Structures are given as C-alpha cells and as structure tokens.
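# Descriptive structure summary
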Amino acid sequence: MTRKTKTIIWIIVALVVVAIVGVLLSDVFSNEKEIELFAFIDKIESGEITKLHIDGYEWTGYTDKETYVTIAGSGYDMEYLMKLREQLAGKGIDLEVSLSDPNAESIWSSIFPFLGVVAVALIFFFIMRSAAGGGNAAMNIGKAKAHVQNNLKVRFSDVAGAEEEKEELQEVVEFLRSPKKFSNLGARIPSGVLLVGPPGTGKTLFAKAVAGEAGVPFFSVSGSDFVEMYVGVGAKRVRDLFDLAKKNQPCIIFVDEIDAVGRRRGAGLGGGHDEREQTLNQILVQMDGFESNDGIIVMAATNRADILDPALLRPGRFDRQINVNLPDVKGREQILKVHARNKPMAPDVNFKTVARITAGFSGAELANLLNEAAILAARNGKKMIGNLELYDGINKVIMGPQKKSRVVTESDKRCTAYHEAGHAILACLCKHCDPVHEVSIIPRGRAAGYTMTRPETDDNDISYNKLTDNICMALGGRVAEELVIKDVTTGASADLQHVSDIARRMVTQWGMSEKLGLVAYDSDQPVFMGMEYGNQSRGGYSQETAATIDAEIRRLISEAHKRATKLLTENRSILDNMSRVLVEKETIYTEEVGMLMEGKSYKEVIDAMDGQEETRKSNPFVFASKPSKEHLIDDEPTAEEKAEKTEETKDEE
Ligand code: ADP
Ligand code: MG
Ligand code: ZN
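Notes on the structure follow. (Residues numbered from 1 in each chain as written. Chains lettered and ligands numbered in written order. Predicted model: local features only at pLDDT ≥ 70, side-chain atom pairs only at ≥ 80, totals over all residues. Heavy atoms only, no water.)

For the rest of this paragraph, the subject is the overall build of the chain. A count of helices and strands for the chain gives 27 helices and 14 strands. For the chain, long-range pairs separated by at least 24 residues make up 74% of all intrachain contacts whose partners lie at least 6 apart in sequence. Total accessible area on the chain stands at roughly 33,900 Å², and carbon and sulfur atoms take up 54% of it. (Helix = DSSP H or I, 4+ residues; strand = E, 2+ residues; numbered from the N terminus. Contact = heavy atoms within 4.5 Å. Areas by Shrake-Rupley, 256 points an atom, 1.4 Å probe, with all protein chains shown as cover.)

Right under this line is the structure:
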C-alpha cells in the first residue's frame, strides 16, 4: 500500500467513527451543564428541576430551559431518591424520574456489531502500520498519547502543607517565567526535577501547580504508556514529545511513573526489556541535548528513587530530587481545609480532630474522605457535611464500605464479637499498642468485623516492644476463639498473615533476633524480573540459616501466643462483657472500651450508651477520638491560630 492510499483509508475510518459518535451523542450532550452534586440537589428541592433521568452514576436533570448533569456517588440509591420524592410530593412538587432509557440501549445494541467491525479494522491497520515499521505510523501513535494542557488553573495554594517543597519548586517557577533573566547571568538551572514519594502525596498535583504558577504549557506522559508492544515506538514517542516541547518553550514535560521505563538497565530477564531500555536511552539522549537556557524543565514522579537507573540521576538530568512525604498532622489539617473549600461544612466540624486521627493518610486519601463524606451527607438528606459523615468517611477510606445488609447468623455474630473483643482487649493491655478507636462486628470490606487502632502521633519509629505487642494483639482474635468457642474459625487468616509478616521482617530485616544477630538477610526490594534470578544465592544465606530464621519466626509468634492466652484468660470477664455489648450494639468506641477495661459491667455500659444515643448518632468523634494520653494533644488553638481565626471572621463581616 502506498502512503497515499493509507492516508485515505485512515481519513475514511476516522470520518465514519466521528459520524457515528457524533450522531449518538449530539443530542445527549447538547447544552448540558455539569454542576456540583449539592447544587443539583438544591435545584431539585427548589422545584427547578422537574424531570430527572438516572443512568448509573450520571444524573441528568431537566428544567424548563436547561439541562444539568451531575455525577452522583456510589452511595446513591433508590432509597434516597424515594425519600426525596416523598418530601417533594409533600410540597406539591412532582418530580418525574426515569431510569436509563431502554430505547437508548437498543440503539447501542444494534450499533455494537458495526462498531466491532470498525474496531477490528482499526486494529488491523495499527498492526499493518507498525509491521511496516514506518516511522510515520509510530509518530501518529506517539502523538496521540502525550497530553498537553495549557493554562492550568492549579496553583501552589491548591497544594497544602508542603511548604519546603513549594520553596524548592519556586525557583523552577521563576526560571520558567523568565528563562532569559537566569541564562543571561549564566545560572545553571536544573533541567530535571524528580519528585519522589508514596502514592497520593500530590506529586502530579505539584507538577501541575508549577506549570500553573509559571503559566506555561504542561506536557504529560506516563511511564507506563511507553511500555508498548512495538519496538521503537516508545523511543519515537519520547523524541516527538521533546520536539513538540521545544516548539513550545518555556514549558514543562512531566513523566509520571518514570520507574516504569527508568528502572536500572540490565535488570530484565529475556527480551521484554529491550523496548523499555530504548525508551530510557532516548529520554537520556534528549535530556543531554538541552541547552541550559532552553526553557524546558522535565519533571518526573516515582514512588521510589532507589530502583531508578543511576544514569537518570546524573548531573544535567534529574539532578534535583524533591521528596514529597505523607503529610503530618498539621499538613493533614491544611489539606482537609483546601478540599473543604467548596463544600459546605457544619459549624461544629473540627479539622484538628479529623487530622489527628488520620495519621498515615495521604493527601489523596484525605480528599477522598471528604468526598465520601459529602456523598453521605447528600444521601442523609443534609445540607452540610457533619461529624457523622466525616467519621464514616474515614472508616470507609480505611476499611471499605460497611455491609450492613450482609446476613450474619447469631452464632457467627457471637464468634466475631469474641474475636474482635480479643483484639481490642489486648490492644489495651499491651503498653505499646496504639489506642483503640472503634470495635465493630458490622462487616466492612472483606472483614467480618474490625478493631481499629490509630496512632496518636506521626512518630513512625517502630520499636521491638511495639512490634511484639502488635503481634500479640493480632493474635488476640484467634486466642479468644480458642478460649471461648473451643474451636477456631478461618476468620483469623488475615491476622495470621499479618503476624508472620511482622515476625519475618523482625528477624530478617531489622536484626531483632539475638540468634541471628544484626544481619539483614532479606532486602526490602521487590523482586524484579531477572534481577534476583541472576543473583545465584538469593539473600545469600545457607540452608541452616534458613532453618534458624524459620525457628526464630516461630518462637516470636508462639511467645506472643502464650502471652495473649495468659492475658485473655486473666481478663475473661472483660472479654465476656465486651462481646455481649458488641453483640447488642454492634459498634463501640474508645469510651466504652475504656469503661469495660475498668471493669464496668455489661449493663452499666449498655445503660450509658442508651443515654447518649443522640450524640452517638451525630458525632462519633466525641466517643471515638478521645486521646488516652492527654499531654500529646492540643486542640486548643495556638495564639497564632487564634489571631488567624479572628482575621477570618473579620473578613466575613
Ligand atoms: P501522586 O501523583 O503523588 O500519586 P496526586 O498528585 O495524583 O498524587 O494526588 C491525588 C490527589 O490527592 C490530588 O488531586 C489532590 O486532590 C489530593 N492531594 C494530594 N496531596 C495533596 C496536597 N498536599 N494538598 C492538597 N491536595 C492533595
Ligand atoms: Mg500521580
Ligand atoms: Zn482478627
């Protein structure tokens, strides 16, 4: 086929696809306005929207003139809708609701076979073209993948609680604003900035904020996009991307997940890594090709810098590394505030409390938490997000949604109650365990019940004592079953997995076994394809050592098991009381756990709970986030914050 006929066929295929999609979507997407969930609900309640169409998560509302669309959350269900309709009917407003149009589906089903043919044709052409090895073909594929965003609206103020990182990046922003100013003085600006940090800590957000602050175009690709079947495509794509960027300087090129292509070379097994290496080489070549006064900054993000090819980190390449860490308590509070900006929050919500009990949450998880809370609030028919919703949001992010409707038999319930009470009591008795926030026998995610403990500080140092205490607590569920039910269930499998994990790492990585001494037998590195196979003696230790390791792991666990059994036997009455309360109330918090640990009877605890039903429903934080160690907490605003607060109120006046 000549290049010309190919082009013509391409144009025809493209036209057909565009025509079909256009016809299908034109009337659906015409003058629709996408609005926030809350605004949407307002419009329903005010009677503006009289017709509602529901298609999965997408809700379309029709008023006299306009069409509004919103994305409802996963929590939306018919129950809520029915409630809303009833309320409206009471006010004399008739909301017409239709579920996804069955006609629309039949259109689709008649069109699908045709689309299938088109798809096959497309795939055929892709294969033809890459087989032909035409550079032109690869270029087209390549071009489609790079993502350009001009006029990004993201600013540093959207990234909360990372002041040092912002300061470091400020320099980059200034350079991009006026590259001349720097180059005239002969200043060498780093051409590559590597953002390193765990997922969800805002690396992508940071890169966008730099582009937004500097007002330059943002070219982004993901390392995983480069991993293609066709040899040569990745490298070509890199070249095209840099060419495009050069025509648009100053600008930012952002390579997300650079570890997908940037791993140490020569680590692969078999031929699969060829493509990756070529792509990586091309990135290096391109970066070396920069003049220092080119207004291009390459930013890249990765979860771990230690697996990157050292060549990437050499001067002139990604020679500037910025570590983006999980936020501390202050940072979490600020992130929550940033994401609460466009959400109506109840006046009694205290972000300090939320920040305090979300140790270990990433920025993305905090954003997610607020979103879940907003969905819940809407579902509960509220106008504002309150403490109850926030509390549920936290649990949902940690454990997945509650499964209240899952049918649980009475004997299962009792068994789960003993299991969880076993965990909770040991968490209280072992000095180094984190305090218990909540114990529940309502299934969540894959668990039949859960005991939630949360650290009170951001201190991540884990000591020997803390680890052994954690093992003891994790065994509590199983031990309680042994003691009471006189039989064991499969419910403890996740616990046992967790326990073996900790024990193994104590012995092999952290030098916590005297027998084996201060030697790291296993590295923390994930096994890359090839790297470990090539390395004959994996971990580099003998059969005997392996046996000792196993014996030591077993010793740690069986010692903890003995201790757990002893503690729970001695505190059998507490165990019985707590399980009874759990069976009756399903969920208890710090407060009740405390009462039970003090030896209060089942009846006393139930009575106390019955007296607080209202608060319990509206603000679980009161019962759940009680710090057990007073001195660690200050919910009192500091003088500085007080000043800030009065200023804020002044602004509102
Ligand atoms: P990463 O690239 O590090 O995995 P992202 O930048 O994709 O993380 O972050 C995902 C989302 O989490 C962001 O879009 C933002 O909503 C939220 N987020 C993460 N960190 C922060 C932060 N420091 N401030 C505000 N929001 C954040
Ligand atoms: Mg990202
Ligand atoms: Zn358990």
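Further remarks concern the sheet that holds strand β13 (residues 450–453). Picture the strands of a sheet paired through backbone hydrogen bonds; they go either parallel or antiparallel. Read from one edge of the open sheet, three strands run β13-β12-β14, paired in antiparallel fashion. The two strands at the open ends of the sheet, each matched to only one other strand, are β13 and β14 (587–589). Across this sheet, the average inter-strand angle for adjacent strands is 10 degrees, counted without regard to direction. As paired elements, strand β12 (residues 436–440) and β14 share three bridges and run antiparallel to each other. The partner of Ser440 across the bridge, within β14, is Thr587. The strands that helix α16 (residues 387–399) touches are β12, β13 and β14; relative to β13, the one it contacts most, it runs at about 105 degrees. (Pairing = 2+ DSSP bridges. Axes fitted to C-alpha atoms, helices over the stretch in contact; angles between N-to-C directions.)

With that settled, the discussion passes to the environment of Ile283. Along the chain, the position of Ile283 falls in helix α12 (residues 274–288). The exposure class assigned to Ile283 is buried, which follows from its relative accessible area of 3%. For the pair Ile283 and Arg239, spaced 44 residues apart in sequence, the C-alpha to C-alpha distance is 7.9 Å. If we ignore the near neighbours within four places in the chain, the residues touching Ile283 are Val238 and Val261. (Buried < 20%, exposed > 50% of the residue type's maximum accessible area, 1.4 Å probe, protein only.)

Glancing now at the sheet that holds strand β6 (residues 147–149). The strand order across the open sheet built from six strands is β6-β8-β9-β10-β7-β11, with neighbouring strands paired in mixed fashion. For this open sheet the edge positions go to β6 and β11 (320–323), each flanked by a neighbour on one side alone. Neighbour-to-neighbour, the strand axes of the sheet open up by a mean angle of 20 degrees, direction not taken into account. In terms of strand pairing, strand β9 (residues 251–256) meets strand β10 (residues 296–302) through five bridges, oriented parallel. Bridge pairing in β10 places Phe254 opposite Met299.

Between helix α18 (residues 464–485) and helix α21 (residues 543–570), whose axes approach to 7 Å, the crossing angle comes to 60 degrees. The pairing of α18 with α21 is recorded here as oblique in orientation. Between α18 and α21 lies a crossing of right-handed hand. Across the interface between the two elements, Tyr464, Thr468, Asp469, Ile471, Cys472, Leu475, Gly476, Val479, Ala480, Glu482 and Leu483 from α18 touch Leu556, Ile557, Ala560, His561, Arg563, Ala564, Thr565, Leu568 and Thr569 from α21. Tallied by class, the residues present in the contact of α18 with α21 amount to 12 nonpolar, five polar and three charged. (Parallel < 35°, antiparallel > 145°, perpendicular 65-115°, else oblique. Left-handed = near helix turned anticlockwise from the far one by under 90°. Nonpolar A, V, L, I, M, F, W, Y, C, P; charged D, E, K, R; others polar.)

What follows covers the nonpolar core. Grouped together as the largest cluster of nonpolar side chains are 50 residues, with contacts concentrated most on Ile471, Met578, Val581, Leu582 and Ile588. Contributions of two or more residues to this core are made by α17 (410–429), β12, α18, α19 (493–508), α21, α22 (572–585), α23 (590–597) and α24 (602–610). A total of 10 residues in this core trace back to one element, the largest contributor, which is α18. If we ignore the near neighbours within four places in the chain, the residues touching Val581 are Glu586, Ile588, Leu596, Tyr602, Val605, Ile606 and Met609. (Core = buried A, V, L, I, M, F, W, Y, C linked by side-chain atoms within 4.5 Å.)

Near ligand 1 there are 15 residues, and of these Ala160, Gly200, Lys203, Thr204 and His339 occur at the shortest range. In this structure, Lys203 approaches ligand 1 through a side-chain N or O atom, which is 2.8 Å from an oxygen atom. Separating an oxygen atom of ligand 1 from a backbone N or O atom of Ala364 is a distance of 3.3 Å. Contact with the protein chains removes 78% of the 560 Å² of surface that ligand 1 exposes when unbound. Mapped onto the shell around ligand 1, the elements with two or more residues apiece are α8 (203–214), α13 (329–340) and α15 (363–379). Here the shell around ligand 1 is composed, by residue class, of seven nonpolar, six polar and two charged. Two domains each donate at least three residues to the shell around ligand 1, and these are domain 2 (147–323) and domain 3 (329–399). (Near = heavy atom within 4 Å. Polar contact = N/O pair within 3.5 Å; in protein donor to acceptor, adjacent residues only side chain to side chain. Domains from an automatic or database assignment.)

Going through the model one piece at a time under the given rule, you end up with four aromatic pairs. Aromatic pair Tyr391 and Phe621: ring centres 5.4 Å apart, planes at 85 degrees, arrangement edge-to-face. You can see Tyr391 sitting in helix α16 and its partner Phe621 sitting in helix α26 (residues 621–624), a full 230 residues away along the chain. Assessed through its relative accessible area of 1%, Tyr391 is described here as buried. Since its relative accessible area comes to 6%, Phe621 is described here as buried. Chaining the aromatic ring pairs together yields one cluster made of Tyr391, Tyr589 and Phe621. Here Lys51 stacks its cationic end above the ring of Tyr62, 5.2 Å away from the centre of that ring. Across the ring face of Tyr602, the terminal group of Arg580 is positioned such that the distance to the ring centre comes to 3.8 Å. (Phe/Tyr/Trp six-rings, centres within 6.5 Å; stacked < 30°, edge-to-face > 60°. Lys NZ or Arg CZ within 6 Å of the ring centre and 35° of its normal.)

The end-to-end C-alpha distance of α17 is 28 Å, a good match for the 28 Å that 20 residues give at a rise of 1.5 Å each. By the criterion of burial, α17 is predominantly enclosed, with 14 of the 20 residues buried. (Expected span 1.5 Å × (residues − 1).)

A few words now on a nonpolar patch on the surface. Taken together, the side chains of Ile8, Ile12, Val16 and Phe114 present a nonpolar region at the surface, about 340 Å² in accessible area. Here the nonpolar patch gets three residues from one element, more than from any other, and that element is helix α1 (residues 3–29). Looking at the element boundaries, Ile8 is found in helix α1. (Patch = residues over 30% accessible without salt bridge, like charges linked within 9 Å, V, L, I, M, F, W, Y side chains within 5 Å. Salt bridge = Lys/Arg side-chain N within 4 Å of Asp/Glu carboxyl O.)

Pairing between strand β2 (residues 51–55) and strand β3 (residues 58–62): five bridges, direction antiparallel. Bridge pairing in β3 links Ile54 to Trp59. As paired strands, β3 and strand β4 (residues 67–71) are joined by five bridges and run antiparallel to one another. The residue bridging Trp59 from the neighbouring strand is Thr70, located in β4. Linkage of β3 to β4, two consecutive antiparallel strands, is achieved through a turn of four residues.

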